[in-house]
Amino acid sequence: MISKVTDSIVYVGVNDHDVDLFEGQYIVPNGMAYNSYVVLDDKIAVFDTMEKTKTAEWLANLEEALGDSKPDYLIVQHMEPDHSASIQAFAEKYPETVIVGNKKTFKMIGQFFPTLTIGSKLEVENGAVLDLGTHKLNFVFAPMVHWPEVMMTYESTEKILFSADGFGKFGALDVEEDWACEARRYYIGIVGKYGAQVQAVLKKAAELEIETICPLHGPVLKENLGYYIDLYDTWSGYRPESEGVCICYTSVYGNTKQAVELLAEELKARGVETVEVSDLARCDMAEAVEDAFRYDRLVLATTTYNGEIFPFMQQFIDHLTERNFQNRVVAFIENGSWAPAAQKIMRAKLEGSKNLTIAENNVTILSAVNDETVKQIKALAAELACMNGACCCVCEEPEGTKLNRYVCNICGFEYDCEGELPEDFRCPLCGRGPADFTKQADDNECVCSCGCTPKKNKYVCNICGYEHECEGELPADFKCPLCGRGAEDFSLA
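To keep things clear, this report deals only with the structure shown in the data block. Remember, it's a predicted structure, so these values are computed and weren't measured experimentally.

1. With respect to the packing of helix α5 (residues 179–191) against helix α9 (residues 285–294)
Inference 1: Contact pair α5 / α9: the axes reach a minimum separation of 9 Å and the direction vectors enclose 95°. When the interaxial angle is binned, α5 and α9 end up roughly perpendicular. Residues Cys181, Glu182, Arg184, Arg185 and Ile188 of α5 pack against Ala286, Glu287, Val289, Glu290, Phe293 and Arg294 of α9.
Inference 2: Residue classes in the contact of α5 with α9 are distributed as five nonpolar, no polar and six charged.

And the structure:
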């Protein structure tokens, strides 16, 4: 298909719904788009070629866009075969076209096409400019994003960045889907190892005035570019994108799965809104890797297996470490009927990962879930919930008994009990009665063994500076105990 990017730039790429696994490993249920562009000017430039199964369709699109004209330049930004496999077919059809690349580009052309004789070539350096007439092509080298020869091209007249594989995504262009989901999976899977190199390119891009991004996969981006650039900055900086817990597990006979399901239920009960669970033996592994990088907390659950860990977990951790997994909280659930060692092995595999916080309350299952396992799981859920300020105070008392906390207004002594404070109660420190105690928790709250208290908001009186903490909004009838002003004179700190 062909379409206009601008009045003088034409899209001539091809959708591919025949591919089953992109790069031999990534499931692409909505296919792929291989993008190619033509800049029509005094001199005509073509950006990148095509995957070999789509050569004929691409050449037909190109011919339609060119009309009676011939291309003057073929810009080769990336030599990966999904973008370069049609170079020889192009050169045979348009032998007078100048092929433009860098030193590493032409070395790879020789490797991929040993029988190709290039009629004319232009070897460019980083920062070089190619004048097409109205349009000026500025070459920006982007080594290891994600191959060594990669270069991007900034067209300064229309302020367009031809970004090679940068800002690409899985999915053909004739399918509507969320950009971030498949762009994230594409980035983490294919480019994720090279965060430092992406950061370097983003710094170069920050110096350019960019109005349009034309990637080699996925849609042309024209609006809200800050959204896409910010996501790339987050991903390449290895920072969590969202708060949430990603639980990845393997289970042989269902006992580890049972523990994972219990943990997920406990986390949700304790206020964790996002809990993603993946069975590594059955899920799309790339989706699980994507979630591990997306969220700020990761739980790994597996069995001790042949003195090691279950193969799918081993593979999963390899995917994480080769992509520089870092800056996360990690917890472990291990299972073993004798000599459980999965937690020790998983920890060792992550030793080289930077800035990981290991949870204190990890879980060991001895064959099957029992009362002790449940206790450990609840402790882990409480710890993970507390990490982002969620309320982890799920009552541990039998039959759902709730405890209220009362604080002595005289000496500060705290006392927990069911229901109301007894009339004959006396403070063991100062001897004062119930009238001098203030209830700190309502009937819907509880005080639990983890020691955590629900997250509270702090309000400050705009008149006298008095500070008051409470859950949720300040009550409408609240009065400042110092100056007597109402809720309308308080600000959320």
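2. Focus on the nonpolar core
Inference 1: The biggest cluster of nonpolar side chains holds 87 residues, and the ones touching the most others in it are Phe22, Trp58, Leu62, Ile87, Trp179, Leu300 and Phe316.
Inference 2: It is α5 that contributes the most residues to this core, eight residues altogether.
Inference 3: Ignoring anything within four residues of it in the chain, the contact list for Trp58 reads Val12, Val14, Ser36, Val46, Asp48, Thr49, Met50, Ser86 and Phe90.
Inference 4: Counting 24 residues, the second-largest nonpolar core is a separate cluster that includes Leu262, Val272, Ala359 and Val363.

3. Let's talk about the pattern of salt bridges
Oppositely charged side chains may form a pair once their charged atoms are brought near each other.
Inference 1: Applying the stated criterion across every chain yields a total of 19 salt bridges.
Inference 2: For Asp284, the salt bridge identified is with Arg185, shortest N-O distance 3.2 Å. Here the residue Asp284 occupies a position in the loop between β18 (275–279) and α9, and Arg185 occupies one in helix α5, the gap between them amounting to 99 residues.
Inference 3: The partner of Glu287 in a salt bridge is Arg185, and the shortest N-O contact between them spans 3.9 Å. Of this pair, Glu287 sits in helix α9 while Arg185 sits in helix α5, and the two are 102 residues apart along the sequence.

Calculation criteria
Residues numbered from 1 in each chain as written. Predicted model: local features only at pLDDT ≥ 70, side-chain atom pairs only at ≥ 80, totals over all residues. Heavy atoms only, no water. Axes fitted to C-alpha atoms, helices over the stretch in contact; angles between N-to-C directions. Helix = DSSP H or I, 4+ residues; strand = E, 2+ residues; numbered from the N terminus. Parallel < 35°, antiparallel > 145°, perpendicular 65-115°, else oblique. Contact = heavy atoms within 4.5 Å. Nonpolar A, V, L, I, M, F, W, Y, C, P; charged D, E, K, R; others polar. Core = buried A, V, L, I, M, F, W, Y, C linked by side-chain atoms within 4.5 Å. Buried < 20%, exposed > 50% of the residue type's maximum accessible area, 1.4 Å probe, protein only. Salt bridge = Lys/Arg side-chain N within 4 Å of Asp/Glu carboxyl O.

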